[in-house]
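What follows is each chain in one-letter form.
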Amino acid sequence: AKHVDHNVLVILAGLGIPGAAFLHGYVGFIFGAVKANAWWSTPLMPVIFLCSAIVSGIAMVVLLYQIGMKFSGRRIDAPCMQSLARWLWLFVILSVTLELLEIMTLAYEGAEEWMVIGPLLGNQLAFSFIGVQLILGAMVPIILLAIVVLLSRYLTDQIRNTLCFVGSLLLLCQVFAMRWNVV
C-alpha cells in the first residue's frame, strides 16, 4: 500500500506542481503586464504570485492533514509537521519580503504609480493591507512558525500542532488579503 501511495503521490505531484506553477505564474505575468494598474505592473508580480501560491498550498496541506488525522483518530506525524512548518516558514518569509520589496521600490521611485498606490495603502486599504495582510496574516504566523521551527525540542506535539494550525489558517487569510488588495 505504501508503494502504491508513493507512486500515486509522485504522479499527482508531477502533474500538480508544474500545473500550479504555470497557472499562478501566468496570472502573475498577466497582472505584471497590465499597464493600467500601477500596483500590478511590476516585474516582481509573477514571483510574488508563485511564492504566495506555495505558501497557501503548504498552509492548506497543514490544515487538511491535521483535520484529516483528527477525524480519522490517527496521530499526527511529528517529523512531517516539523518539515511542513519549516518549509512554510521559509516561503512566507520569502513571500512577505518580496511583497514589501515591491512596495518599498514603488515608494522609493516616487513616480506617478506611487501617487496612486500610496494614498490607497494609507487610507482605503490601510486596514486590509497593514492590519490583515501584514500584521495578522504575515507577522503573527512568522512568529508562530519561528517558535515551531526554532524551539521544536521544547514544545509538545500538541503545542506544535496548534501553532502550525493557527499559523496556517492566518496565512490563508493573508494570501486572500494580498489577492484582495492587489485586485
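Figured I'd write up the structure that's included with this text. All values reported here derive from a predicted model rather than from experimental measurement.

**What about the overall build of the protein chain?**
Secondary structure summary: the protein chain contains six helices and zero strands in total. Order of helices (α) and strands (β) in the protein chain, N terminus to C terminus: α-α-α-α-α-α. Each of the 183 residues in the protein chain was classed as buried or not, and the buried ones make up 39%. Looking at the protein chain as shown, the accessible area adds up to about 10,600 Å², and 76% of this sits on carbon and sulfur atoms.

**Examining the state of the cysteines**
Evaluation of the coordinates by the stated rule reveals zero disulfides. We note that Cys80 lacks a disulfide partner, and the nearest cysteine sulfur, in Cys164, lies 10.0 Å from it. The buried category is assigned to Cys164, whose relative accessible area is 1%.

**Quick look at the pattern of salt bridges**
Taken as a whole and assessed by the stated rule, the structure comprises two salt bridges. The closest approach of N and O atoms between Arg75 and Asp157, which form a salt bridge, is 2.6 Å. Of this pair, Arg75 sits in the loop between helix 2 (45-72) and helix 3 (78-109) while Asp157 sits in helix 6 (residues 157-182), and the two are 82 residues apart along the sequence. The shortest N-O distance in the salt bridge between Arg160 and Asp157 comes to 3.0 Å. On the criterion of helical spacing, the pair formed by Arg160 and Asp157 is a turn pair, its members being three residues apart in helix 6.

**Section: helix 2**
Since one α-helical turn is 3.6 residues long, residues separated by three or four positions face the same way. Between the first and last C-alpha of helix 2 there are 40 Å, a value that for 28 residues agrees with the 40 Å anticipated at 1.5 Å per step. Gly73 sits one or two positions beyond helix 2 and adopts a positive phi of about 80°.

**As for the packing of aromatic side chains**
For the coordinates displayed, the defined rule picks out two aromatic pairs. Judged by centre distance (6.2 Å) and plane angle (35°), the rings of Phe176 and Trp180 are tilted. Residue Phe176 and its partner Trp180 are located together in helix 6, separated by four residues, close to a single helical turn. Residue classification places Phe176 among the exposed positions, given a relative accessible area of 57%. Lying across the ring of Phe49, Arg179 places its NZ or CZ 4.1 Å from the centre.

**Here's the deal with the nonpolar core**
Burial of nonpolar side chains together is a common tendency in soluble globular proteins. Counting residues in each nonpolar core, the largest one holds 27 residues, and the members touching the most others are Val55, Leu88, Leu145, Cys164 and Leu171. Looking at this core, the elements that each hand over two or more residues are helix 2, helix 3, helix 5 (126-150) and helix 6. Per element, the largest residue contribution to this core is eight residues, and it comes from helix 3. Setting aside residues up to four positions removed in sequence, Leu171 forms contacts with Val55, Ala59, Leu88, Val92, Gly137, Pro141 and Leu145.

**Some details on the packing of helix 3 against helix 5**
Contact geometry for helix 3 and helix 5: axes closest at 9 Å, N-to-C directions at 145°. Every pair of crossing elements has a handedness; the one defined by helix 3 and helix 5 is left-handed. The residues of helix 5 that touch helix 3, namely those facing Gln82, Ala85, Arg86, Leu88, Trp89, Val92, Ile93, Val96, Glu99, Leu100 and Ile103, are Phe129, Gln133, Leu134, Ala138, Met139, Ile142, Leu145, Ala146, Val148, Val149 and Leu150. Of the residues in the contact of helix 3 with helix 5, the class split is 18 nonpolar, two polar and two charged.

**Notes on the side chain of Ser52**
As for its position among the elements, Ser52 is in helix 2. A polar contact of 3.1 Å, which involves the side chain of Ser52, links it to the backbone oxygen of Phe49. Once residues lying within four places of it in the same chain are set aside, the contact partners of Ser52 are Ser95, Val175, Met178 and Arg179.

Calculation rules
Residues numbered from 1 in each chain as written. Predicted model: local features only at pLDDT ≥ 70, side-chain atom pairs only at ≥ 80, totals over all residues. Heavy atoms only, no water. Helix = DSSP H or I, 4+ residues; strand = E, 2+ residues; numbered from the N terminus. Buried < 20%, exposed > 50% of the residue type's maximum accessible area, 1.4 Å probe, protein only. Areas by Shrake-Rupley, 256 points an atom, 1.4 Å probe, with all protein chains shown as cover. Disulfide = S-S within 2.5 Å. Salt bridge = Lys/Arg side-chain N within 4 Å of Asp/Glu carboxyl O. Expected span 1.5 Å × (residues − 1). Phe/Tyr/Trp six-rings, centres within 6.5 Å; stacked < 30°, edge-to-face > 60°. Lys NZ or Arg CZ within 6 Å of the ring centre and 35° of its normal. Core = buried A, V, L, I, M, F, W, Y, C linked by side-chain atoms within 4.5 Å. Contact = heavy atoms within 4.5 Å. Axes fitted to C-alpha atoms, helices over the stretch in contact; angles between N-to-C directions. Left-handed = near helix turned anticlockwise from the far one by under 90°. Nonpolar A, V, L, I, M, F, W, Y, C, P; charged D, E, K, R; others polar. Polar contact = N/O pair within 3.5 Å; in protein donor to acceptor, adjacent residues only side chain to side chain.

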